[in-house]
Amino acid sequence: MVLQLERRGYVKAGHWTPEASVQHPEAVRQLHREFLRAGADVLQTFTFYCSEDKLELSGNVTNITAAQINEAACDLAREVADEGSALVAGCVSQTPCYLENRNETQVKSLFKKQLDEFLKKDIDFFIAEFFRYSEEAAWAVEVLKTSGKTVGATLCISPHGDMNGLSPGDCAVHLVKAGADIVGVNCHLDPTACIQTVKLMREGLDRAGLKAHLMIQPLGCHTPECNLTGYIGLPEYPFAMETRSLTRWDVHKYAREAYKAGIRYIGGCCGFEAYHIRAISEELREERGFLPPASEKHGLWGAALEMHTKPWVRARAQREYWENLLPASGRPYCPSMAKPEDE
């Protein structure tokens, strides 16, 4: 939601804070509706980077409190979720406080304030998302589990592990022992890298004799560099990522590969739009047992192109064509990959 709302003019890049939940509720509500219509089973509260220390550090929000944002975001997500049959997940993310002093008591107090605000509202479960350090994520999980509700935890890490050098498998073990019911990755890297990372997490859990549901929410763009810090280390971040965007057919492939890997919470993070979520829904329509409302306006595998007046376009109304297409970038002087600045 953060990247989509930045592109639509409701979030300031660099700060990435979610005050739009208060300032522009109609924009947040509309995006929730687009994801719901596309088949989303879960709507996440737009509370990314909504800890008090992050809002204070950004300087972007001076007349709105974290409590106001958290509570408004919960109301918006619940309002739209009730228009369908979606669940609402209350979300917390990494804090500047952790990087500043690694003080467990202070960091947990920030998560506790958010949790208390969420518990005033109708939240189905919680997600601790976008953590680069499994230690901080585990602290978030420990706080959220005091609610008695299901808790998921996702790290924005690569197959190399977290920023402390802890392997994906060991990170998963750390999170499950902290109480996480769902573990996985989100953001920073593309579907290929994220699936690889979640597989490593599963292997770590298997070795430790632990069980948890698996979750994945990759970037909506290609990052074949598979570098440690992901797309924020690429020269195109954050304002020139469009040429790396996934097609809907890329997402069909991703959804199937994730499902084959045993992952059952399958979604997307920055760069994912509603049509990408619809592609997940359509690829897994047999497993889910239905198509989403948005598929009423989309012929599966281009079927609606059969009505086109041009014969070469009509010939594209088939799965084989789109599955085997190698799309051109239209930029003859641009490289296919970049040198990440974190390497």
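The name an unreviewed UniProt entry assigns to the protein is Hcy-binding domain-containing protein, from the organism Mugilogobius chulae. Per UniProt, the protein carries the Pathway (unreviewed entry) text "Amino-acid biosynthesis; L-methionine biosynthesis via de novo pathway; L-methionine from L-homocysteine (BhmT route): step 1/1."

Side note on the UniProt feature "binding site: Zn(2+)" (unreviewed entry) in the protein
The sites that UniProt annotates as "binding site: Zn(2+)" (unreviewed entry) are Cys 187, Cys 269 and Cys 270. In summary, the annotated positions, though distributed over 84 residues, converge in three dimensions, the widest C-alpha pair being only 6.3 Å. Position of Cys 269 relative to the elements: it lies in the loop between β7 (265-266) and α12 (274-283). Those residues within four positions of Cys 269 in sequence are excluded, and the remaining contacts are Asn 186, Cys 187, Gln 217 and Pro 218. Relative to the helices and strands, Cys 270 resides in the loop between β7 and α12. Looking at Cys 270, the relative accessible area reads 14%, which means it is buried.

A word on the packing of aromatic side chains
Under the defined criterion, the tally for this structure stands at 13 aromatic pairs. Here a set of aromatic residues connected by ring pairs shows up, and it is made of Trp 249, Trp 301, Tyr 321 and Trp 322. Over the aromatic face of Tyr 49 sits the side chain of Lys 54, whose NZ or CZ is 4.3 Å from the ring centroid. Stacked on the ring of Tyr 133, the Lys or Arg Arg 102 has its end atom at 4.9 Å from the ring centre.

Topic: the side chain of His 32
Topologically, His 32 is positioned in helix α3 (residues 25-37). Taking the relative accessible area as the measure of exposure, His 32 reaches 1% and is therefore buried. Beyond its immediate chain neighbours, meaning those up to four positions away, His 32 contacts Met 1, Leu 43, Gln 44, Leu 76, Ala 77 and Val 80.

Focus on the nonpolar core
Side chains of a nonpolar character, in soluble globular proteins, are inclined to be buried together. One finds Ile 216, Tyr 254 and Ile 280 to be the most contacted residues of the largest nonpolar core, which totals 91 residues. At seven residues, the largest contribution of residues to this core is made by helix α8 (residues 134-144). The contacts of Ile 280, once residues within four sequence positions are left out, are Val 251, Tyr 254, Ala 255, Ile 266, Gly 267 and Phe 272. Of all hydrophobic cores here, the second largest spans eight residues; its members include Val 42, Ala 89, Ile 127 and Tyr 265.

A look at helix α5 (residues 66-81)
Its 16 residues give α5 an end-to-end C-alpha distance of 22 Å, which sits within 8% of 22 Å, the value for a rise of 1.5 Å per residue. Residues of α5 that are buried: Ala 66, Ile 69, Asn 70, Ala 72, Ala 73, Cys 74, Leu 76, Ala 77, Arg 78, Val 80 and Ala 81. On the buried face of α5, the contacting elements are α2 (20-23), α3, β1 (42-44), α4 (52-58), β2 (87-93) and α7 (104-118).

With respect to the UniProt feature "domain: Hcy-binding" (unreviewed entry) in the protein
Under the local residue numbering, the UniProt record ascribes the feature "domain: Hcy-binding" (unreviewed entry) to residues 1-284. From the first C-alpha to the last, residues 1-284 spans 23 Å; its make-up is 46% helix and 12% strand.

Concerning the pattern of salt bridges
According to the stated counting rule, one finds 21 salt bridges in the structure shown. Across the pair Glu 52 and Lys 113 runs a salt bridge whose closest N-O atoms are separated by 2.9 Å. Taken as a pair, Glu 52 in helix α4 and Lys 113 in helix α7 lie far apart in primary sequence, 61 residues in all. Between Asp 181 and Lys 145 there is a salt bridge; the shortest N-O distance is 3.1 Å. Of this pair, Asp 181 sits in the loop between α9 (168-178) and β5 (182-186) while Lys 145 sits in the loop between α8 and β4 (151-155), and the two are 36 residues apart along the sequence. Classification of Lys 145 as partly exposed rests on a relative accessible area of 29%. Residues participating in the shared-partner salt-bridge network are Arg 29, Arg 33, Glu 79 and Glu 83.

Regarding the environment of Ala 13
Topologically, Ala 13 is positioned in the loop between α1 (2-7) and α2. A relative accessible area of 22% places Ala 13 in the partly exposed class. The spatial distance from the C-alpha of Ala 13 to the C-alpha of Asn 227 is 22 Å, given a sequence separation of 214 residues. Beyond its immediate sequence surroundings of up to four residues, Ala 13 is in contact with Glu 6 and Phe 239.

Criteria and cut-off values
- Residues numbered from 1 in each chain as written.
- Predicted model: local features only at pLDDT ≥ 70, side-chain atom pairs only at ≥ 80, totals over all residues.
- Heavy atoms only, no water.
- UniProt positions renumbered as here; feature names shortened; annotations may be inferred.
- Helix = DSSP H or I, 4+ residues; strand = E, 2+ residues; numbered from the N terminus.
- Contact = heavy atoms within 4.5 Å.
- Buried < 20%, exposed > 50% of the residue type's maximum accessible area, 1.4 Å probe, protein only.
- Phe/Tyr/Trp six-rings, centres within 6.5 Å; stacked < 30°, edge-to-face > 60°.
- Lys NZ or Arg CZ within 6 Å of the ring centre and 35° of its normal.
- Core = buried A, V, L, I, M, F, W, Y, C linked by side-chain atoms within 4.5 Å.
- Expected span 1.5 Å × (residues − 1).
- Salt bridge = Lys/Arg side-chain N within 4 Å of Asp/Glu carboxyl O.

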